[in-house]
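What follows is each chain in one-letter form.
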Amino acid sequence: MTAWEPVIGLEIHAQLKTRTKMFCRCEVGFGFEPNARTCPVCLAHPGALPVPNARAIEWTVKLGLALGCEVAARALFHRKNYFYPDLPKGYQISQYDVPLCANGRFSVPGPDGDNEIGVVRAHLEEDAAKTVHVGGGTGRKVGSAHSLVDFNRGGTPLVEIVTAPDVRSADEARRFLQLLRQTIVELGISDAEMEKGTLRVDANISVRRPGEGYRTRWELKNVNSFSFVARGIEVAIARQIELYESGGSVEQETYDFDPDTNALTPHRSKEEADDYRYFPEPDLVPVEFPSGEVERIRAELPEAPGARIRRIGETLELEAAQVLVANGRDPLYEALVEAGVDPRTAANVVLNEASALDPAGVDAKELARVVEARSELPRETYLEAIAASASAGFRADAYLSQRAVSDEGELAPLIERILVANPGQVEAYRNGKEGLLGFFVGQVMRETEGKANARVVSELVREQLAR
Ligand code: ZN
Ligand code: MN
């Protein structure tokens, strides 16, 4: 039996964090009173005219270039017509046959080498408003008493990224999404947080025999974390294979995935037919983004995450490299390695012990000094030093020399010496004069010029006296 090959395409919407909306000057943001950020344009009052947000266009170009896309010399806005209560105009201004950015590719390193995922398009559109289902107890559409619409989100700029069906596994989808998200965050154009809805992912999934054409696909909608997307994809793949192998067929369908039960339930569609009657938006002129600007933006792009993973993967396991880059921790990692820390230790420090630190505030050379000293330091002191290393002007040597001595290896011989020098007190203590503990601790403190950690010293003294 030939194995089945998964065929996965991804569709991602990222909300741009521009100050104002896509076609009006209403403020973009969270936590405002419902419907407090609206105007005649985003509420679709008759006669109101859209004016495109220049920054949103520039940022889409920026992302498109980071995804290896070509930038259209003359991009068009279209009207995508459908009826839904969260869409006041009865159409969404989007892009259709001439998107701002198209034909890109994005490299995703994997265990079997890199996979280049084609980017069909990265276009700009406006978001719909938000429908809030209330009453009925569940907060879901089904069973709610009524629905309210909050138009604050309506008209917010969205960039939509559509990949080619080049993704070959659920895990690869997860890695692609992590790297795409990190790219978006590093460009500073969106918070791209799935929990907040500023990043949304849909997946198209089918399976086939290797070498075959594409078979019928399922669409998975609105899954709210990367690991749930991956799990939903896995469930869909398994279900489709099961259908084919039991002699059945796969019908085109859109599903919601419930991560609690692993269930795929048919998605209630917004409209019956997928006929959006696209036509060019007559109120907007074509976007002719200056080619000089394209080159300026291209020159300022950060290094692609795939290239960074490949470089780091030369000295570290791929998964560790992926985690470093996907979380933007790789610059600190590389600085530590540069400062002489061995790669595996550096990755461990950056991802675990120093994971709470903002890399921007860390002097890697000083942090490397702390890491270097770690085998001589009690764990507690080491972790405190790591935490302190993010403070301004931190100097590892000064910090560590001021620290209380609480290293057992250093204290134990000293305590032993003191006990040997004071046999009378030792005997008295062992005969029940426990108050003498303070005497011994005091001796240790004197010998260490007050640098010993008194709590650790008294524990060690008690231990030695009990022998
Ligand atoms: Zn508005
Ligand atoms: Mn869209």
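Given the structure is predicted, the values throughout are model-derived calculations rather than measurements.

How would you sum up the side chain of N53? Please name residues and give values.
Relative to the helices and strands, N53 is located in the loop between β1 (5-15) and α1 (54-66). At 3.1 Å, the side chain of N53 forms a polar contact with the backbone oxygen of K21. Those residues in contact with N53 that sit more than four places away from it in its chain are T18, T20, K21 and M22.

Requested: an account of the nonpolar core, with residues and values cited.
One broad rule of soluble globular proteins: the nonpolar side chains tend to lie buried together. Core analysis: the biggest nonpolar cluster contains 101 residues, and L10, I12, I161, F176, I184, L220 and I233 have the highest contact counts within it. Three or more residues apiece are contributed to this core by two domains, here domain 1 (5-296) and domain 2 (327-402). Setting aside chain neighbours within four positions, we find I12 in contact with V159, E160, I161, T163, F176, L177, L180, L199, R200 and V201. Judged by nonpolar contacts, the second largest core, of 18 residues, contains L414, V441, A452 and L460.

Break down the coordination of the zinc ion (ligand 1) for me, citing the residues and quoting the values.
A metal bound by six donors in octahedral fashion has ideal angles of 90 or 180 degrees, whereas one bound by four tetrahedral donors has an ideal angle of 109.5 degrees. On the protein side, the zinc ion (ligand 1) has C24 (SG), C26 (SG), C39 (SG) and C42 (SG) as donor atoms, found 2.3 to 2.4 Å from it. Seen from the zinc ion (ligand 1), its four donor atoms lie at angles of 101 to 114 degrees, and the figure they make is tetrahedral. Along the chain, the residues donating to the zinc ion (ligand 1) are arranged with the sequence spacing C-x1-C-x12-C-x2-C. Residue C24 is located in the loop between β1 and α1, and its partner C42 is located in the loop between β1 and α1; the two are separated by 18 residues in the primary sequence.

Break down the environment of Y96 for me, with residues and values.
With respect to the helices and strands, the residue Y96 is situated in the loop between β4 (91-94) and β5 (101-110). By relative accessible area, which is 39% here, Y96 ends up partly exposed. The contacts of Y96, once residues within four sequence positions are left out, are H78, R121 and Y278.

Give a description of the pattern of salt bridges that names residues and reports values.
Counted under the stated rule, the structure contains 34 salt bridges. In this structure, the salt-bridge partner of E334 is R311, at a minimum N-O distance of 2.8 Å. Of this pair, E334 sits in helix α7 (residues 330-338) while R311 is found in helix α5 (residues 305-312), placing the two residues 23 residues apart along the sequence. Residue classification places E334 among the partly exposed positions, given a relative accessible area of 28%. Ionic contacts of the salt-bridge type, sharing partners, join the residues E58, E293, R296 and E300 into one network.

Residue-level account of the sheet that holds β4, with values.
The sheet built from three strands is open, its strands ordered β4-β3-β14 with antiparallel pairing. The sheet terminates laterally at β4 and β14 (279-280), the two strands that pair on one side only. Alignment of strand β3 (residues 78-81) against β14, held across two bridges, turns out to be antiparallel. Its bridge partner lying in β14, R79 is registered against F279.

Quick notes on the rules
Just so you know, the residues in each chain are numbered from 1, in the order the chain's sequence is written. Lettering of chains starts at A and numbering of ligands starts at 1, both following the order in which they are written. Confidence filtering applies because this is a predicted model: local features only for residues at pLDDT of at least 70, side-chain atom pairs given and counted only at 80 or more, and all residues used for totals across whole chains, interfaces and linings. In computing side-chain values, all of the structure's heavy atoms are included and hydrogens and water are not. A run of DSSP states H or I qualifies as a helix once it reaches four residues; a run of E qualifies as a strand once it reaches two. Both are numbered from the N-terminal end. Under the rule applied, a polar contact is a pair of N or O atoms within 3.5 Å (in protein, one hydrogen donor and one hydrogen acceptor; residues adjacent in sequence only if both atoms are side-chain atoms). In what follows, a contact means two residues having at least one pair of non-hydrogen atoms within 4.5 Å. We define the nonpolar core as a collection of buried residues of types Ala, Val, Leu, Ile, Met, Phe, Trp, Tyr and Cys that are connected through side-chain atoms lying within 4.5 Å of one another. For the exposure calls, accessible area comes from a 1.4 Å probe over protein chains only, and a residue counts as buried if that area is under 20% of its type's maximum, exposed if over 50%, partly exposed in between. For the purposes of this description, domain bounds are those given by an automatic or database domain assignment. Coordination shells were defined by N, O and S atoms within 2.8 Å of each metal, extended to 3.2 Å for Na, K and Ca; water is absent from the atom set, which can make sites look incomplete. Just to be clear on the cut-offs, tetrahedral is four donors with all angles between 85 and 135 degrees, square planar is four donors and octahedral six with opposite donors over 155 degrees apart and all others between 65 and 115, and anything else goes down as irregular. Salt bridge, as used here, is a side-chain nitrogen of Lys or Arg placed within 4 Å of a carboxyl oxygen of Asp or Glu. Two strands are said to pair when DSSP picks up at least two bridges between them.

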